[in-house]
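Structural characterization, general
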Amino acid sequence: MSELRIVTKRCGQINPLSIDDFLAHEGYLALEKALAMTGPAVIDEVKTAYLRGRGGAGFPTATKMMSLAVESDPVKYVVCNGDEGEPGNFKDRYLMENDPHMILEGMAIVAHATGAKNGFLYIRGEYDLALKTMKWAVEQARKRGYLGRQILGTSFEFDVEVRSGAGSYVCGEEFALIESIEGKPGRTRVKPPFPTQKGIFGKPTSISNVETFANVPVILAMTGKEYAKIGTKSSTGTKLLCLSGNVRNRGVFEVPFGRSIRSVIDDLGGGAAGDRKIRMVQLGGACGPIIPPFMLDMTIDYERFEEFESKTGAGAIIVIDDRFDLFQILLRIVRFFAHESCGKCVPCREGNAQLELMIAKFIDRRATMADLVSLESLARVMHQTSLCGLGQTCPTSIIAALRYFREDFLDRIEYPGL
Amino acid sequence: MPLKDILGNHPRTPDSLIGILLELQAEKDRNCVTEEEAREIALHLGITESRVCAVLAFYSFFSTKPRGKHVIRVCKDVPCHVVDTFDVLRTVEDFLGVKAGETTANRKFTVETTSCLGCCDKGPAMRIDGDLYVDLTAERIRQILADIRG
């Protein structure tokens, strides 16, 4: 099995700092095509392609574009979410560092389709090179008339401001990101109203992931109908996967939806490093499920991932071999969330602290059956009652581990029968 | 660059706060924002001092306590952990003689841990100020730190 590089086709082929190189490789042609179409026609094309959000949640992009387009406020914002803080993910960094103009082109097309004139590109503070590359690309695009007023000789105007984060995972959540752009701590808001109604500075705002924007020019160039033929029925197009951990070839790989996780690990990743045995694989990132090797034949698509009740579509595949203990991995994950929780709602703020104590009990073999029951119920409560996506998905690894590695939990309990 | 100049480089609106703080902190040898600076920024932007403090407390890049000239941030998340065969953090701590969260006596280095740096394909990784160091080995870490120490 090999890759299908349609979104990453220019990555590694062009000099990311040269707009001329981008233009020589069909750059900004999709924008030109989009500007010759009406806004609704562009949204229709994205709808036919059935593009779904690549940040993890998988929300249909055309629906989001439509909700922004119907807002009558003259000030609207298109925001690109480059706050890729999910451990195990580095695909957005790869895109921003290797093909920055493609993201700007995608944002401009969405802005044209929805009637927005202003854009923000929020990049996490840890991504120094991506920040520099994108800021440079914005400057070049302005100079050459691909951002600003009268873009490509039309009446369309659109500009993008690059903003840096300052070390906060939760700012990848849309309302936390909005708060951060407004210069506040990244604490989420209660929905509704949704960002497309009241977002940045109370204005309609549409936020999508970097990879989602990078797909938009591809769809315009090849038509939605052709794009929809790639992948599976529920999940069209390709997905950028980030392979990391104990695997021979780590990196970003682009494959059509519908491939199996095993084929990605074996064919593209070259299998487990050092010929060791895979003990477990975490999908999506810290907020994703941990699955045992026998489940690796599952295919990569939104529908299949929904079974884990989590937004696990972000694209991380973290391979963990047999030298590692499940509970040590779980402890790292809960500590990560305990640190990153914004503290606004109780289930997430207090729940993660309690999860940490409970996992420590299993590590020290002090756990009882009652702890196992509490762990399961707490994880469920957090999943169901937390305010934002962070709180709702942080116990996913534990919920999945309790399902697929239950024996390991029982092994740590001295008298499981009692 | 003095704070006054930094303030002048940003629009005088509350949403400039994070950008101002990032720029200010990077300018300083102590890698921190003081109470007086927080007050001055609040006055300039027309926001409360408590709001500036809330932002300083929320984001992990910021500190109100003096730190070393160089801040070393070692990744502690799973993708780096499973490829870390020699313990990156302990290597750094042993070399500098301080623990995570501490600053060396000569105020040259502060050691911290960080959430994922997004270079899991090249882990184990750490970030010193604005520079990323990947594919770490114990030998390489000692070399990097010795070079910065000068």
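Residues numbered from 1 in each chain as written. Chains lettered and ligands numbered in written order. Predicted model: local features only at pLDDT ≥ 70, side-chain atom pairs only at ≥ 80, totals over all residues.

1. Regarding the overall build of chain A
Counting its secondary structure elements, chain A contains 18 helices and nine strands. Taken against the 2.2 N^0.38 rule, which gives 22 Å for 418 residues, the C-alpha radius of gyration of chain A at 22 Å falls within 12% of a compact globule. C-alpha atoms of chain A, sized along the principal axes, occupy 75 × 45 × 35 Å. Relative to its full complement of 418 residues, chain A shows a buried share of 56%. When contacts within chain A are restricted to residue pairs at least 6 apart in sequence, long-range pairs at least 24 apart make up 72% of them. (Helix = DSSP H or I, 4+ residues; strand = E, 2+ residues; numbered from the N terminus. Rg over C-alpha atoms; globule rule 2.2 N^0.38 Å. Buried ≥ 20, exposed ≤ 12 C-beta atoms within 10 Å, placed from the backbone. Contact = placed C-beta atoms within 7 Å.)

2. Some remarks on the domain arrangement of chain B
Per the domain assignment, the segments of chain B are domain 1 (3–58) and domain 2 (70–149). A straight line from the C-alpha centre of domain 1 of chain B to that of domain 2 of chain B covers 28 Å. (Domains from an automatic or database assignment.)

3. Observations regarding the interface of chain B and chain A
Facing 31 residues of chain B, the contacting portion of chain A comprises 39 residues. Going through the elements one at a time, helix H2 (17–27), helix H4 (49–58) and helix H5 (78–81) of chain B are the ones with two or more residues in the side of chain B that touches chain A. Element by element, the count of residues in the side of chain B that touches chain A is highest for H2 of chain B, at four residues. For the side of chain B that touches chain A, the per-class residue count stands at 18 nonpolar, eight polar and five charged. (Nonpolar A, V, L, I, M, F, W, Y, C, P; charged D, E, K, R; others polar.)

4. As for the domain arrangement of chain A
Residues and elements named next belong to chain A. One can read the domain layout of chain A as domain 1 (19–227), domain 2 (238–321) and domain 3 (326–411). Here domain 1 and domain 3 have C-alpha centroids that lie 34 Å from each other. Split by residue class, the side of domain 1 that touches domain 3 holds six nonpolar, two polar and two charged.

5. Notes on the packing of helix H15 (residues 369–385) of chain A against helix H17 (residues 396–404) of chain A
Residues and elements named next belong to chain A. It is the contact of H15 with H17, at a shortest axis distance of 9 Å, that shows an interaxial angle of 140 degrees. Comparing their axes, H17 and H15 come out oblique. Crossing handedness for the pair H15 and H17: left-handed. Counted together, Leu375, Glu376, Ala379 and His383 of H15 and Ile398, Ile399 and Leu402 of H17 form the full contact between these two elements. Here the residues of the contact of H15 with H17 sort into five nonpolar, one polar and one charged. (Axes fitted to C-alpha atoms, helices over the stretch in contact; angles between N-to-C directions. Parallel < 35°, antiparallel > 145°, perpendicular 65-115°, else oblique. Left-handed = near helix turned anticlockwise from the far one by under 90°.)

6. A short note on the sheet that holds strand E2 (residues 118–123) of chain A
Residue and element names in this part refer to chain A. In spatial order, the strands read E3-E2-E1-E4; together these four strands make up an open sheet with parallel pairing. Among the strands making up the open sheet, the edge pair consists of strand E3 (159–164) and strand E4 (205–209). Averaged over all adjacent pairs, the angle separating strand axes in this sheet is 20 degrees, with direction ignored. In this structure, E2 lies alongside E3, joined through six bridges in parallel fashion. Across the sheet, Asn118 pairs through a bridge with Asp159, a residue of E3. Sitting on the sheet, helix H7 (residues 128–143) is in contact with strand E1 (77–82), E2 and E3, with an inclination near 160 degrees to E3. (Pairing = 2+ DSSP bridges.)

7. Describing the nonpolar core
Among the nonpolar cores identified, the biggest contains 152 residues, and Ile103, Met107, Ile109 and Ile317 of chain A are the most heavily contacted of them. Looking at which element gives the most residues to this core, the answer is helix H6 (residues 100–114) of chain A, with nine residues. Those residues in contact with Met107 of chain A, other than ones at most four positions away along the chain, are Val78, Cys80, Gly119, Val160 and Phe213 of chain A. In terms of nonpolar packing, the next biggest core, distinct from the first, is built from 18 residues, Ile18, Ile41, Phe58 and Phe61 of chain B among them. (Core = buried A, V, L, I, M, F, W, Y, C linked by C-beta atoms within 7 Å.)

8. Describing the environment of Ile320 of chain A
With respect to the helices and strands, the residue Ile320 of chain A is situated in strand E9 (residues 316–321). With 24 C-beta atoms packed within 10 Å, Ile320 of chain A lands in the buried category. Considered as a pair, Ile320 of chain A and Gln282 of chain A are 38 residues apart in the sequence and their alpha carbons are 7.9 Å apart. Apart from the residues lying within four places of it in its own chain, the contact partners of Ile320 of chain A are Gly245, Asn246, Arg279, Met280, Val281, Gln282 and Ile329 of chain A together with Val82 of chain B.

9. Comments concerning the packing of helix H3 (residues 39–49) of chain A against helix H4 (residues 61–69) of chain A
All names here are of chain A. Packing of H3 against H4 brings their axes to within 8 Å, and their N-to-C directions diverge by 160 degrees. Viewed along their axes, H3 and H4 adopt a mutual orientation that is roughly antiparallel. The hand of the H3/H4 crossing is left-handed. Where H3 abuts H4, its residues Gly39, Ile43, Val46 and Lys47 lie against Thr61, Ala62, Met65, Met66 and Ala69. A class-by-class count of the residues in the contact of H3 with H4 yields six nonpolar, two polar and one charged.

10. Overview of the pairing of strand E1 (residues 70–75) of chain B
All names here are of chain B. In this structure, E1 lies alongside strand E2 (residues 109–114), joined through six bridges in parallel fashion. Of the residues in E2, the one forming a bridge with His70 is Phe109. As judged from the three bridges shared by E1 and strand E3 (residues 126–128), these two strands associate in the antiparallel manner. Each residue of the ladder has a partner; that of Arg73, found in E3, is Arg127.

11. Looking at the pairing of strand E5 (residues 238–245) of chain A
When a strand is regular, its side chains alternate between the sheet's two faces. Residues and elements named next belong to chain A. Within E5, eight of the eight residues are buried, leaving the element largely enclosed by the surrounding structure. Relative to strand E6 (residues 251–256), E5 runs antiparallel, the two being bridged by six bridges. Residue pairing across strands places Thr238 opposite Pro256, the latter belonging to E6. Two successive antiparallel strands, E5 and E6, enclose a turn made up of five residues. Bridge analysis of E5 against E9 gives four bridges, and the strand direction is parallel. Within E9, the position partnered with Leu243 by the bridge is Ile317.

12. Some thoughts on the sheet that holds strand E4 (residues 131–133) of chain B
Each strand in a sheet pairs with its neighbour through backbone hydrogen bonds, running either in the same direction (parallel) or in the opposite one (antiparallel). Residues and elements named next belong to chain B. Overall, mixed pairing links the four strands, which are arranged E2-E1-E3-E4 in an open sheet. Looking at the sheet topology across the chains shown, the edges are occupied by E2 and E4. Across this sheet, the average inter-strand angle for adjacent strands is 25 degrees, counted without regard to direction. Summarising the sheet, E3 and E4 pair through three bridges and their orientation is antiparallel. When the bridges of E4 are listed, Met126 appears paired with Tyr133. Across the sheet, helix H6 (residues 88–96) is in contact with E1, E2 and E3; its angle to E2 comes to roughly 170 degrees.

13. Comments concerning helix H9 (residues 210–222) of chain A
Along an α-helix, residues three or four positions apart point the same way, because every turn accommodates 3.6 residues. All names here are of chain A. Counting buried residues in H9 gives eleven out of 13 residues, a clear majority hidden from the surface. Taken as a whole, H9 has its buried residues at Val210, Glu211, Thr212, Phe213, Ala214, Asn215, Val216, Pro217, Val218, Ile219 and Leu220. One or two residues past the end of H9 sits Thr223, with phi positive at roughly 75 degrees.

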